[in-house]
Amino acid sequence: QVQLVESGGGLVQAGGSLRLSCAASGSIFSITTMGWYRQAPGKQRELVAGLTSNGSTNYADSVKGRFAIVRDNAKNTVCLQMNSLKPADTGVYYCNAVEESATGEFDYWGQGTQVTVSS
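S.K.: Provide a residue-level description of the overall build of the protein chain, including the pertinent values.
M.R.: A count of helical and extended segments in the protein chain gives 0 helices and 11 strands. Expected size for 119 residues packed as a compact globule is a radius of gyration near 14 Å; at 14 Å, the protein chain falls within 12% of this value. The proportion of buried residues among the 119 residues of the protein chain is 40%. Intrachain contacts of the protein chain at a sequence separation of at least 6 include 54% that bridge at least 24 residues. Element-wise, carbon and sulfur atoms account for 49% of the exposed surface of the protein chain, whose accessible area totals about 6,300 Å². Seen as two clouds, the 9 positive and the 9 negative side-chain charges of the protein chain have centres 10 Å apart.

Encoded structure:
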């Protein structure tokens, strides 16, 4: 199993920056993909940024050029650097990890951290 703990959310003005961190523990060597999702009020959860074990990244079109997902293997942490924030970026951000094992593929989620961008 994998445990995920997020930190770094908060309130920021439009144009500002925030850095979210996700610390993974447990069966970390079985993790193939990690990512950040967000859910705005009244909307479905959506992928913001993903990072595979071979270093490939993908981003939602709305955040390309503003957000960056990075992995610190020494600290078992994945971070989301968010720059030039917009009110539309407001939501609860969730860290996700996909574990592949002999028994199958499993999704794990953090508890979520609130990001609020004021205009």
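S.K.: A description of the nonpolar core should follow, citing residues and the corresponding values.
M.R.: Generally speaking, soluble globular proteins have nonpolar side chains that are buried together. With 28 residues, the main nonpolar core has L4, M34, W36, F67, L80, M82 and Y93 as its most contacted residues. The set of elements that each furnish at least two residues to this core consists of β1 (2–7), β3 (18–26), β4 (31–39), β5 (46–52), β7 (67–72), β8 (77–82), β9 (91–101) and β11 (113–118). Considering each element in turn, this core owes the most residues, 4 residues, to β3. Aside from chain neighbours lying at most four places away, what touches M34 is L4, C22, A24, A49, G50, L51, I69, R71, V78, C95, N96 and A97.

S.K.: Give me the lowdown on the state of the cysteines, citing residues and values where you can.
M.R.: Summed over all chains, the structure comprises 1 disulfide. Here C22 is linked by a disulfide to C95, with a sulfur-sulfur distance of 2.1 Å. In this structure, the disulfide formed by C22 and C95 twists by about -80° around the S-S bond and is classed as left-handed. Taken together, the residues span a long stretch of sequence, with C22 in strand β3 and C95 in strand β9 at a distance of 73 residues. With no disulfide partner, C79 has as its closest neighbouring cysteine sulfur the one in C22, 8.8 Å distant.

S.K.: Please set out the sheet that holds β1 residue by residue, giving values where relevant.
M.R.: If you walk across this open sheet you meet the 4 strands as β1-β3-β8-β7, and the pairing is antiparallel. At either end of the open sheet lies a strand with only one pairing partner, and these are β1 and β7. Recorded for the sheet is a direction-independent mean angle of 20° between the axes of neighbouring strands.

S.K.: For the side chain of T77, give the residues involved together with the corresponding values.
M.R.: Here T77 shows up in strand β8. Those residues in contact with T77, other than ones at most four positions away along the chain, are S21, C22, A23, V70, R71 and D72.

S.K.: Give a detailed account of the pattern of salt bridges, specifying residues and quantitative values.
M.R.: Pairing between side chains of opposite charge can happen when the charged atoms of each approach one another. Tallied over the full model, the rule gives 4 salt bridges. A salt bridge links R38 to D89; its shortest N-O distance comes to 2.9 Å. In this pair, R38 is assigned in strand β4 and D89 in the loop between β8 and β9, connecting sequence segments 51 residues apart. In this structure, the salt-bridge partner of D61 is K64, at a minimum N-O distance of 3.1 Å.

Conventions adopted
Residues numbered from 1 in each chain as written. Predicted model: local features only at pLDDT ≥ 70, side-chain atom pairs only at ≥ 80, totals over all residues. Heavy atoms only, no water. Helix = DSSP H or I, 4+ residues; strand = E, 2+ residues; numbered from the N terminus. Rg over C-alpha atoms; globule rule 2.2 N^0.38 Å. Buried < 20%, exposed > 50% of the residue type's maximum accessible area, 1.4 Å probe, protein only. Contact = heavy atoms within 4.5 Å. Areas by Shrake-Rupley, 256 points an atom, 1.4 Å probe, with all protein chains shown as cover. Lys, Arg positive; Asp, Glu negative; His and termini not counted. Charge placed at Lys NZ, Arg CZ, Asp CG, Glu CD. Core = buried A, V, L, I, M, F, W, Y, C linked by side-chain atoms within 4.5 Å. Disulfide = S-S within 2.5 Å. Pairing = 2+ DSSP bridges. Axes fitted to C-alpha atoms, helices over the stretch in contact; angles between N-to-C directions. Salt bridge = Lys/Arg side-chain N within 4 Å of Asp/Glu carboxyl O.

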